[in-house]
Amino acid sequence: MLSGILGKFFNSDNDKIKLGSPRNIKHSANDIGNMLRVYLDDNHLLTAVILEDNQKKPEKLSTGIIHVDEKQRIFVTDGFLPETANKRLHPGARVQFSLTHQGIRHQFEASWKKQIEDETGPKHLFDFPRGVEQVQLRDSFRVKMSQAHPIKVALTHAEKPPITGTMADLSATGMRMRIVGLVKPKPVRGEQYTSCHFVLSDGSSIACVGRLMHWQYDSDADVSYLGIHFESVDGSTQRTLNRYLTDLQRKQRQLSP
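Each value, and the rule that gives it
- Residues numbered from 1 in each chain as written.
- Predicted model: local features only at pLDDT ≥ 70, side-chain atom pairs only at ≥ 80, totals over all residues.
- Heavy atoms only, no water.
- pLDDT = per-residue confidence, 0-100.
- Helix = DSSP H or I, 4+ residues; strand = E, 2+ residues; numbered from the N terminus.
- Core = buried A, V, L, I, M, F, W, Y, C linked by side-chain atoms within 4.5 Å.
- Buried < 20%, exposed > 50% of the residue type's maximum accessible area, 1.4 Å probe, protein only.
- Contact = heavy atoms within 4.5 Å.
- 1 Å grid on protein atoms, 1.4 Å probe; cavity = no way out; pocket = protein on both sides within 12 Å on 5 of 7 lines; lining within 4 Å.
- Points joined across faces, edges and corners; volume = space filled by probe spheres on them.
- Nonpolar A, V, L, I, M, F, W, Y, C, P; charged D, E, K, R; others polar.
- Disulfide = S-S within 2.5 Å.
- Phe/Tyr/Trp six-rings, centres within 6.5 Å; stacked < 30°, edge-to-face > 60°.
- Expected span 1.5 Å × (residues − 1).
- Arc of directions from axis to C-beta.
- Salt bridge = Lys/Arg side-chain N within 4 Å of Asp/Glu carboxyl O.
- Polar contact = N/O pair within 3.5 Å; in protein donor to acceptor, adjacent residues only side chain to side chain.

1. Digging into the confidence of the model for the protein chain
- Mean pLDDT over the protein chain works out to 88, with 89% of the residues at or above the 70 mark.
- No element of the protein chain has a lower mean pLDDT than helix H1 (residues 2-10), which averages 40, and none a higher one than strand S11 (residues 152-156), which averages 98.

2. Here's the deal with the nonpolar core
- Judged by nonpolar contacts, the single largest core of 28 residues is most densely connected at Leu 155, Leu 170, Met 175, Cys 196, Phe 198 and Leu 226.
- Secondary-structure elements contributing two or more residues to this core are S11, strand S12 (163-170), strand S13 (174-180), strand S14 (192-199), strand S15 (205-218), strand S16 (223-231) and helix H3 (235-255).
- With residues near it in sequence (within four places) discarded, Leu 170 still touches Phe 141, Arg 142, Val 143, Met 145, Met 175, Phe 198, Leu 200, Phe 230, Leu 241, Tyr 244 and Leu 245.

3. A few points about the layout of surface pockets
- Taken as a whole, the second largest pocket holds about 410 Å³ of empty space.
- Lining the second largest pocket are 20 residues, with Asp 78, Gly 79, Leu 81, Val 188 and Arg 189 sitting closest to its centre.
- Those elements giving two or more residues to the lining of the second largest pocket turn out to be strand S3 (61-63) and strand S8 (121-127).
- At three residues, the largest contribution of residues to the lining of the second largest pocket is made by S8.
- Residues belonging to the lining of the second largest pocket are distributed by class as follows: seven nonpolar, eight polar and five charged.

4. Describing the state of the cysteines
- The full count for this structure, using the stated rule, is zero disulfides.
- For the unlinked cysteine Cys 196, the closest cysteine sulfur is that of Cys 208, found at 4.6 Å.
- For Cys 208, a relative accessible area of 7% puts it in the buried group.

5. Brief notes about the packing of aromatic side chains
- Counted under the stated rule, the structure contains nine aromatic pairs.
- Measuring from ring centre to ring centre gives 5.4 Å for Phe 75 and Phe 126, while their planes differ by 15°; the resulting arrangement is stacked. Residue Phe 75 is located in strand S5 (residues 74-78), and its partner Phe 126 is located in strand S8; the two are separated by 51 residues in the primary sequence.
- Assessed through its relative accessible area of 0%, Phe 126 is described here as buried.
- An aromatic cluster is defined as three or more aromatic residues linked by ring pairs; in this entry it consists of Tyr 39, Phe 75, Phe 80, Phe 97, Phe 108 and Phe 126.

6. Thoughts on helix H2 (residues 29-41)
- Over its 13 residues, H2 extends 18 Å from the first C-alpha to the last, a length consistent with the 18 Å expected when each residue adds 1.5 Å.
- Within the span of H2, buried status applies to Ile 32, Gly 33, Met 35, Leu 36, Tyr 39 and Leu 40. Down the axis of H2, the sector holding all buried residues measures 165°, keeping them to one side.
- With its phi angle positive at about 50°, Asn 43 sits one or two positions after the end of H2.

7. Considerations on the pattern of salt bridges
- The tally for this structure, following the rule as stated, stands at 13 salt bridges.
- Between Asp 78 and Arg 189 there is a salt bridge; the shortest N-O distance is 2.5 Å. Residue Asp 78 is found in strand S5, and its partner Arg 189 is found in the loop between S13 and S14; the two are separated by 111 residues along the sequence.
- Since its relative accessible area comes to 24%, Asp 78 is described here as partly exposed.
- One salt bridge in this structure joins Arg 94 and Glu 109, with 2.7 Å as the shortest N-O distance. Taken as a pair, Arg 94 in strand S6 (residues 94-101) and Glu 109 in strand S7 (residues 104-118) lie far apart in primary sequence, 15 residues in all.
- Through salt bridges that share partners, Glu 52, Arg 94 and Glu 109 make up one connected network.

8. Re H3
- The end-to-end C-alpha distance of H3, which contains 21 residues, comes to 30 Å, matching closely the 30 Å that a straight helix rising 1.5 Å per residue would cover.
- Along H3, the positions that sit buried rather than exposed are Thr 237, Thr 240, Leu 241, Tyr 244, Leu 245 and Leu 248. Burial along H3 is one-sided: seen end-on, the buried residues are contained in an arc of 125°. Those residues of H3 that are exposed and aimed more than 90 degrees away from the buried face are Arg 243, Arg 253 and Gln 254.
- In this structure, the buried residues of H3 make contact with strand S10 (143-144), S12, S14, S15 and S16.
- Put simply, Asp 234 is the residue that caps the front of H3, since its side-chain oxygen is 3.2 Å from the backbone nitrogen of Ser 236.

Shown next as structure tokens:
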């Protein structure tokens with residue numbers, strides 16, 4: 001019963017899971033360790049819910065993984081936000097995590113072991129989950145954008161300098177942005193950009209709010225990648241995005257053998 005409620009709760013945002021969506025559960029410790037390290041390396045924002053909590057309804061929390069130990073089969077996260085949730089954890093407490101990575105919903109449960117304090121605040125140590133479930137999302141068609149004819153993107157932050165780059169790929173709910181060099185100051189997963197603006201190859205201008213879901217720096221190529229989720233998208237803008245992606249998908253099918 002609880003898992004069913006939480007399933008609806010987790011899937012109540014813009015990412016929709018349709019009935020019959022392909023599901024895949026990873027059970028091996030090696031696979032689980034590799035996936036947790038992907039979330040770590042990509043500085044991915046995770047949504048968390050403390051199960052069997054005393055709240056009237058499940059509270060969505062946010063955090064990120066900062067350490068993975070495959071040998072001991074443990075991982076460590078930042079303190080939860082809102083901060084009041086950090087005091088509600090106890091040994092053995094089960095926490096359900098979720099995130100969207102490359103158009104796929106990842107979900108897993110982990111058991112809390114203890115809290116670690118340092119100068120930056122609380123950290124949480126968890127046992128490895130028994131499995132990680134992956135579910136293909138609806139409207140997750142993602143198209144890679146040509147760097148030969150790049151689409152320029154501008155991000156505006158309320159407190160930090162603006163960021164400019166080019167679009168690496170695009171979906172109906174977000175994009176991955178390519179920036180030459182290391183972004184400074186360092187991006188913070190979950191932070192909001194008050195304006196995310198770009199002009200599609202058909203001349204359509206898109207402007208919305210963007211939220212940083214993950215970021216990664218490739219030192220070999222000296223390139224940063226930012227995963228941006230679109231927010232506050234009005235109906236007209238969403239329809240424009242949908243039509244553009246549908247047209248690109250149709251053209252790709254025509255070109256495929």
